[in-house]
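# Geometric and topological summary
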Amino acid sequence: MTLYEKIISLYPELATYNFATGAITLQNDSDGKGDYIAKWEHPTLVKPTEEQLQGVA
Amino acid sequence: MAISTITGASTGSTGTVITTGSSAAVTQSMLGTNVAGNGPAFSAYAGSATTLTNGAYTKVTFDTEEFDTNNNFASSRFTPTVAGYYQFISNIAFAGSVTSEAVIALYKNGSIYKYGIDMQASGIVMFQGTFLAYANGTTDYFEIYVYQNSSRSSVASSSQTYFQGAMVRSA
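## Describing the nonpolar core
Residue and element names in this part refer to chain B.
- Judged by nonpolar contacts, the single largest core of 25 residues is most densely connected at Phe 88, Ile 92, Phe 94 and Ile 144.
- Those elements giving two or more residues to this core turn out to be strand S3 (41-46), strand S8 (84-98), strand S9 (101-108), strand S11 (124-135), strand S12 (142-148) and strand S13 (157-170).
- Among residues more than four places away in sequence, those in contact with Ile 92 are Val 60, Phe 62, Ile 104, Val 125, Met 126, Phe 127, Ile 144, Val 146, Ser 154, Gln 160 and Thr 161.

What follows is the structure, encoded as C-alpha cells:
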C-alpha cells in the first residue's frame, strides 16, 4: 500500500482532496527512501504519525 | 594621456577599449545591458525511466547529459556555481497516458518553487514546463518533480523526457 493509499485509508474524506497543489504534499526523492509527507498544513486534519501509517493494513 | 577611443587602421572603424581591471578575464558584471553572456548551460535526458508514485511528487531522473558547460549538473540536479537568473525547460513523457491529473514542478533546494502545467484530463502522454529562477551561485539547486495519479512511469527518451537550463542574466 502506498503512502497515498494509507492516508486515504486513515482519512477517507481526503479521497477527493487536491494533493497536487493543496495543503498536503507527498514526495519521493527517487533516492530509494520511499514516499514521505513533505508538507501537511491541512486546516483540520492532523498529520498522521508513523505509528498510524504503519498500522494501516 | 588618457585614451578613450581607438580607430582601426585597416577598416577605419572606431571602438571603445574596455579594461578588465586587475583580472585578465571579462566577468559577467562587465557586460553591457542586453548583452548575452557565457554562463552555465546544460541539457540532460532520461536514459532510464522513473517510476512515478501515485498521489505524490516524484523526482524525475535525467541520467544522461548532452552538455554541461560548467559541470554544474549531477544526479539529476543543477547546482549553478555562477550567481544569476536561469531559464529552465523540462519535457516529460509518460509510458501510457495519465488519465486524470499530472503536474510538473521546478523544485528549488528540495521544495516546490514553481508549478508548471497542471493538466487535468484523460489521455495525457507528454507535457512541459518552463521556469525562470534566481540562483545564488553557491547553495541553490534545482530539480524537476512530477505529480500524477495513474501509476505511470516516465519514458526514457532523449527527445521526450529532458531537463535543460541556461543562464539568461547575470546577478
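Next, the rest of the story.
## A few points about the side chain of Lys108(B)
- Of note, Lys108(B) is situated in strand S9.
- There is a polar contact of 2.8 Å between the side chain of Lys108(B) and the backbone oxygen of Tyr134(B).

## Comments concerning the sheet that holds S8(B)
Residues and elements named next belong to chain B.
- Reading across from one edge, S5-S3-S13-S8-S11 is the order of the five strands in this open sheet, with antiparallel pairing throughout. One side of each edge strand has no neighbouring strand; the edge strands of this open sheet are strand S5 (64-68) and S11. Ignoring which end each strand starts from, the neighbouring axes of this sheet average 15 degrees apart.
- Inspection of the sheet shows S8 paired to S11 by 11 bridges, in the antiparallel sense. Directly across from Gln 87, in S11, lies its bridge partner Leu 132.

## Observations concerning a nonpolar patch on the surface
- A cluster of nonpolar residues, Tyr85(B), Leu132(B), Tyr134(B) and Val168(B), forms a patch on the protein surface that exposes about 350 Å² of accessible area.
- Of note, Tyr85(B) is situated in strand S8.

## Concerning the layout of surface pockets
All names here are of chain A.
- There is about 170 Å³ of room inside the second largest pocket.
- Counting residues per element, the ones that place at least two in the lining of the second largest pocket are helix H1 (3-10), strand S2 (35-40) and helix H2 (50-54).
- Its residues placed into classes, the lining of the second largest pocket shows five nonpolar, one polar and four charged.

## A few points about the interface of chain B and chain A
- Residue-level contacts link 18 residues of chain B with 12 residues of chain A.
- Between chain B and chain A, roughly 1,100 Å² of surface is buried when both sides are summed, and carbon and sulfur atoms account for 49% of that area.
- In this assembly, chain B and chain A are joined by zero salt bridges.
- Taken together, the connections running from chain B to chain A amount to 10 residue pairs in polar contact (both at pLDDT 80 or more).
- Among the secondary structure elements, those contributing two or more residues to the side of chain B that touches chain A are strand S4 (56-59), S9, strand S10 (111-120) and S12 of chain B.
- Here the element with the most residues in the side of chain B that touches chain A is S4(B); it accounts for four residues.
- Among the residues making up the side of chain B that touches chain A, the classes are represented as eight nonpolar, seven polar and three charged.

Procedures and definitions
- Residues numbered from 1 in each chain as written.
- Chains lettered and ligands numbered in written order.
- Predicted model: local features only at pLDDT ≥ 70, side-chain atom pairs only at ≥ 80, totals over all residues.
- Heavy atoms only, no water.
- Core = buried A, V, L, I, M, F, W, Y, C linked by side-chain atoms within 4.5 Å.
- Buried < 20%, exposed > 50% of the residue type's maximum accessible area, 1.4 Å probe, protein only.
- Helix = DSSP H or I, 4+ residues; strand = E, 2+ residues; numbered from the N terminus.
- Contact = heavy atoms within 4.5 Å.
- Polar contact = N/O pair within 3.5 Å; in protein donor to acceptor, adjacent residues only side chain to side chain.
- Pairing = 2+ DSSP bridges.
- Axes fitted to C-alpha atoms, helices over the stretch in contact; angles between N-to-C directions.
- Patch = residues over 30% accessible without salt bridge, like charges linked within 9 Å, V, L, I, M, F, W, Y side chains within 5 Å.
- Areas by Shrake-Rupley, 256 points an atom, 1.4 Å probe, with all protein chains shown as cover.
- Salt bridge = Lys/Arg side-chain N within 4 Å of Asp/Glu carboxyl O.
- 1 Å grid on protein atoms, 1.4 Å probe; cavity = no way out; pocket = protein on both sides within 12 Å on 5 of 7 lines; lining within 4 Å.
- Points joined across faces, edges and corners; volume = space filled by probe spheres on them.
- Nonpolar A, V, L, I, M, F, W, Y, C, P; charged D, E, K, R; others polar.
- Buried area = accessible area lost by both parts, 1.4 Å probe.

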